[in-house]
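Each chain is listed here by its residues.
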Amino acid sequence: MHVVADTFSPQLHLVTPLISGLADGAAYGLFGLGLVLLYKSNRIFNFAQGEFATVAAIVAFLFDRGVGWVPKVPYFIAITFGVLAAVLVAMATERLVIRPLFHRPRVVLVVATVGVALFLVGVEGLLPYPQTASLRTISDALGVRSYLTQVDGVVVLDQDVAKLIVLAVLAVLAFLFFRYTHTGTAILAVSQDATAARVVGISVERVSMATWAIAGFLGGVAGVLLAVPPSGSVTPGAFTGLTLVVAFSAAVLGGMTSLPGAFVGGILIGLINAFANADHSFVPGLNSLPTSQAEVAVALVLLLVLLVRPRGLLGREA
Amino acid sequence: MTAALLEVEDLRAGYGSVPVLQGVSFSVAEGETAVMFGLNGAGKSTTVNTIAGLLKTWGGQVRFDGSPLTGLSTTEIVKRGISLSPEGRRVFPQLSVRTNLELGSWTRRSVQKEQMAKVFSYFPRLEERVDQLAGTLSGGEQQMLAIGRALMSKPRLLLIDEASLGLSPKLTQTVFQVVDQINDDGTTVVIVEQNVGVLPYADQALVMQKGTITFDGRGSDLHETGDLRAAYLG
């Protein structure tokens with residue numbers, strides 16, 4: 001690839017896609033963490049993960065605005081309620097859907113999570129609230145300016161920085177959790193051999209419940225961070241469409257068995273998306289690409305990684 | 001005579017709707033080593049798995065130290081002092097030897113340090129490989145780890161399912177000798193075996209055929225009565 005130096009704009013071709021790519025990537029990574037966690041422990045792709053995020057966003061919105069009979073509470077309490085709602089929904093999913101089907105083939109459980117997602121989208125649609133609205137951003141809630149700084153004329157939004165910080169903190173916490181806590185070790189043990197885990201006295205049911213609660217928490221955090229302007233909303237099913245598909249790609253790219261992999265995969269997918277969507281007219285031959293070039297680029301990188309390293313960048317057999 | 005630590009009475013169990021145990025009865029005295037022989041499919045593993053709580057009891061009763069175990073969870077059974085080294089070893093392959101052992105004391109963390117030292121005294125090889133992933137150990141080392149992990153909860157009764165499966169004759173003898181030492185140190189042992197080389201270490205021998213106990217006596221009597229030949233040759 002030959003870059004024509006005199007037409008290359010660092011602001012347009014480097015800084016803008018870098019910042020937007022990191023921010024979007026953080027969002028995909030947040031989703032990816034929850035997906036990887038459940039894959040590690042239950043060996044299933046959880047198609048309801050997006051709805052854990054949507055539930056959190058809607059509940060946070062209802063409490064933040066005080067819609068209908070729901071009391072208006074301070075912003076940070078509202079988003080805490082939102083995340084708690086996601087945790088409760090995840091725990092209910094485990095108890096009412098996953099546990100009764102646990103000894104069935106994995107494909108049955110995967111389809112069951114699709115059913116949970118569709119059910120939740122339906123319930124959300126029945127709720128009387130302005131469904132195209134968005135949650136307030138953190139800067140709105142705090143009454144401060146919406147951007148942290150500018151880099152070469154490109155604004156760095158508070159919300160994007162918050163996403164990156166939260167993702168990094170959660171990834172580190174997840175790593176420490178699995179490395180140093182009894183419950184984390186028990187989740188790993190159950191994921192490797194549930195019968196052996198029973199043999200040593202681990203309650204597989206309790207571990208499964210804990211795992212889904214954590215996945216609900218991760219989904220909830222993602223929901224309250226992403227359902228904000230300019231592109232986020234609290235629409236029913238908001239995070240079960242494209243966001244979940246891209247998050248699956250991020251998790252597979254990083255390695256479905258690796259929590260740091262979800263982080264890395266999310267950031268990479270975000271960056272690939274952003275750079276592929278950037279203006280390429282300065283590169284000879286690349287000025288007439290279709291608008292879906294980002295999806296094609298992500299798919300190509302994903303295929304390449306899966307061909308060369310089927311377990312993903314950081315994944316391993318587990 | 002020493003009191004029975006384990007009493008199994010008319011035990012019935014199976015998989016799905018297929019019955020395997022057709023009324024198994026035996027008891028094991030505290031401090032002894034009992035060996036259970038029988039062909040594949042005779043019900044040996046089903047028996048120890050049911051005692052350990054991995055399978056539901058369809059009928060009959062298991063009593064441990066006089067208290068019934070029927071209906072208890074595996075967690076509660078391990079807490080009461082029964083530990084299983086399962087068939088096929090079933091170590092956690094992507095966790096280190098140390099973590100595998102630590103998980104063995106999941107229900108009794110207070111004895112973890114003491115038992116870890118004891119396991120390393122029985123199996124020094126495990127201490128050498130303490131930070132290695134369990135899945136990278138040899139078959140013999142994995143067997144040592146499975147037995148070691150079962151000892152981590154400081155059980156009063158140790159159930160070992162197929163201790164010698166896939167091991168060389170020399171390694172098999174080593175494992176049997178360690179099991180004998182574990183028994184000498186006060187742990188009651190029930191071993192499911194196909195290898196008659198374990199007989200010299202056994203106080204009690206049991207033979208299973210088609211889901212029932214067909215011989216229950218001293219190990220030395222087994223050769224004389226011909227039950228062992230019957231168990232394997234029909």
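This text gives an overview of the structure that appears in the document. As the structure is a computational prediction, the values presented were derived from the model and not from experiment.

What counts, and where the lines are drawn
- Residues numbered from 1 in each chain as written.
- Chains lettered and ligands numbered in written order.
- Predicted model: local features only at pLDDT ≥ 70, side-chain atom pairs only at ≥ 80, totals over all residues.
- Heavy atoms only, no water.
- Buried < 20%, exposed > 50% of the residue type's maximum accessible area, 1.4 Å probe, protein only.
- Helix = DSSP H or I, 4+ residues; strand = E, 2+ residues; numbered from the N terminus.
- Pairing = 2+ DSSP bridges.
- Salt bridge = Lys/Arg side-chain N within 4 Å of Asp/Glu carboxyl O.
- Axes fitted to C-alpha atoms, helices over the stretch in contact; angles between N-to-C directions.
- Left-handed = near helix turned anticlockwise from the far one by under 90°.
- Contact = heavy atoms within 4.5 Å.
- Nonpolar A, V, L, I, M, F, W, Y, C, P; charged D, E, K, R; others polar.
- Buried area = accessible area lost by both parts, 1.4 Å probe.
- Polar contact = N/O pair within 3.5 Å; in protein donor to acceptor, adjacent residues only side chain to side chain.
- Expected span 1.5 Å × (residues − 1).

Some points on the pairing of strand E6 (residues 82–85) of chain B
All names here are of chain B.
Consideration 1: Both faces of E6 are covered, namely the face carrying Ile82 and Leu84 and the face carrying Ser83 and Ser85.
Consideration 2: Relative to strand E7 (residues 157–161), E6 runs parallel, the two being bridged by four bridges. Note that in E7 the partner of Leu84 across the bridge is Leu159.

Looking at the pattern of salt bridges
Consideration 1: Using the criterion set out here, one finds 16 salt bridges over all chains in the structure.
Consideration 2: The salt bridge involving Arg136 of chain A is made with Asp64 of chain A; its shortest N-O contact spans 2.7 Å. Of this pair, Arg136 of chain A sits in the loop between helix H4 (106–126) and helix H5 (138–142) while Asp64 of chain A sits in helix H2 (residues 49–65), and the two are 72 residues apart along the sequence.
Consideration 3: Judged by relative accessible area, Arg136 of chain A falls into the partly exposed class, the value being 26%.
Consideration 4: Note that Glu32 of chain B and Arg218 of chain B form a salt bridge whose closest N and O atoms lie 3.7 Å from each other. One end of the pair, Glu32 of chain B, is in the loop between strand E2 (18–29) and strand E3 (33–37); the other, Arg218 of chain B, is in strand E10 (residues 212–218), with 186 residues separating them in the sequence.
Consideration 5: On the basis of relative accessibility, which here comes to 18%, the residue Glu32 of chain B falls in the buried class.

Here we look at the packing of H2 of chain A against helix H3 (residues 75–98) of chain A
All names here are of chain A.
Consideration 1: Contact pair H2 / H3: the axes reach a minimum separation of 7 Å and the direction vectors enclose 145 degrees. Along this stretch, H2 crosses H3, giving a crossing that reads as right-handed. Across from Phe52, Val55, Ala56, Val59, Ala60, Phe63 and Asp64 in H2, the residues of H3 making contact are Tyr75, Ala78, Ile79, Phe81, Gly82, Val83, Ala85, Ala86, Val89, Ala90 and Thr93.
Consideration 2: When the residues that make up the contact of H2 with H3 are grouped by side-chain class, the tally is 15 nonpolar, two polar and one charged.

With respect to the interface of chain B and chain A
Consideration 1: Each partner contributes residues to the interface: chain B has 18 residues there, and chain A has 20 residues.
Consideration 2: With both chains or domains summed, chain B and chain A bury close to 1,700 Å², and 65% of this area falls on carbon and sulfur atoms.
Consideration 3: Area buried by chain B at its contact with chain A is led by Phe92, Gln94 and Trp106 of chain B, which between them contribute 34% of it.
Consideration 4: For the pair chain B and chain A, the interface holds one salt bridge.
Consideration 5: Taking the shortest distance from any N to any O, the salt bridge between Asp193 of chain A and Arg90 of chain B comes out at 3.0 Å.
Consideration 6: Counting across the interface, chain B meets chain A through four residue pairs in polar contact (both at pLDDT 80 or more).
Consideration 7: Elements with a minimum of two residues in the side of chain B that touches chain A: helix H2 (74–80) and helix H3 (97–104) of chain B.
Consideration 8: Classifying every residue of the side of chain B that touches chain A gives nine nonpolar, six polar and three charged.

Considering the sheet that holds E3 of chain B
By definition, the strands of a sheet pair up through backbone hydrogen bonds, in either a parallel or an antiparallel sense.
All names here are of chain B.
Consideration 1: On the basis of which strands lie adjacent, the open sheet formed by six strands has the order E6-E7-E8-E3-E9-E10 and mixed pairing. Both edges of this open sheet fall to E6 and E10, since each of them pairs with a single strand only. Taking the axes of each pair of neighbouring strands and ignoring which way they run, one obtains an average angle of 15 degrees across the sheet.
Consideration 2: Here strand E9 (residues 204–209) pairs with E10 via six bridges, running antiparallel. Bridge assignment links Gln209 to a residue of E10, and that residue is Thr212.
Consideration 3: Along the sheet, helix H6 (residues 139–151) contacts E6 and E7; its crossing angle with E6, the most-contacted strand, is approximately 170 degrees.
Consideration 4: Of the strands in this sheet, E3, E7 and strand E8 (188–192) touch helix H7 (residues 169–184), which is tilted by about 150 degrees from E8.

Concerning unusual backbone geometry
Residue and element names in this part refer to chain B.
Consideration 1: Positioned with a positive phi, Arg89 is a non-glycine residue whose angle comes to about 70 degrees.
Consideration 2: Structurally, Arg89 can be placed in the loop between E6 and H3.
Consideration 3: Owing to a relative accessible area of 15%, Arg89 belongs among the buried residues under this scheme.
Consideration 4: You will see that Glu162, though not glycine, has its phi angle at about 60 degrees, which is positive.
Consideration 5: Along the chain, the position of Glu162 falls in the loop between E7 and H7.

As for the environment of Leu159 of chain B
All names here are of chain B.
Consideration 1: Looking at where Leu159 falls in the secondary structure, it is placed in strand E7.
Consideration 2: Considered as a pair, Leu159 and Glu128 are 31 residues apart in the sequence and their alpha carbons are 25 Å apart.
Consideration 3: When near neighbours in sequence (up to four residues on either side) are disregarded, Leu159 contacts Val48, Ile51, Ala52, Ile82, Ser83, Leu84, Ser85 and Val190.

A few points about helix H6 (residues 158–180) of chain A
Consideration 1: Taking 1.5 Å of rise per residue, 23 residues should cover 33 Å, and H6 of chain A covers 32 Å from first to last C-alpha, within 8% of that figure.
Consideration 2: Among all positions in H6 of chain A, only Asp158, Gln159, Asp160, Ala162, Lys163, Leu167, Leu170, Ala171, Ala174 and Phe178 of chain A are buried.

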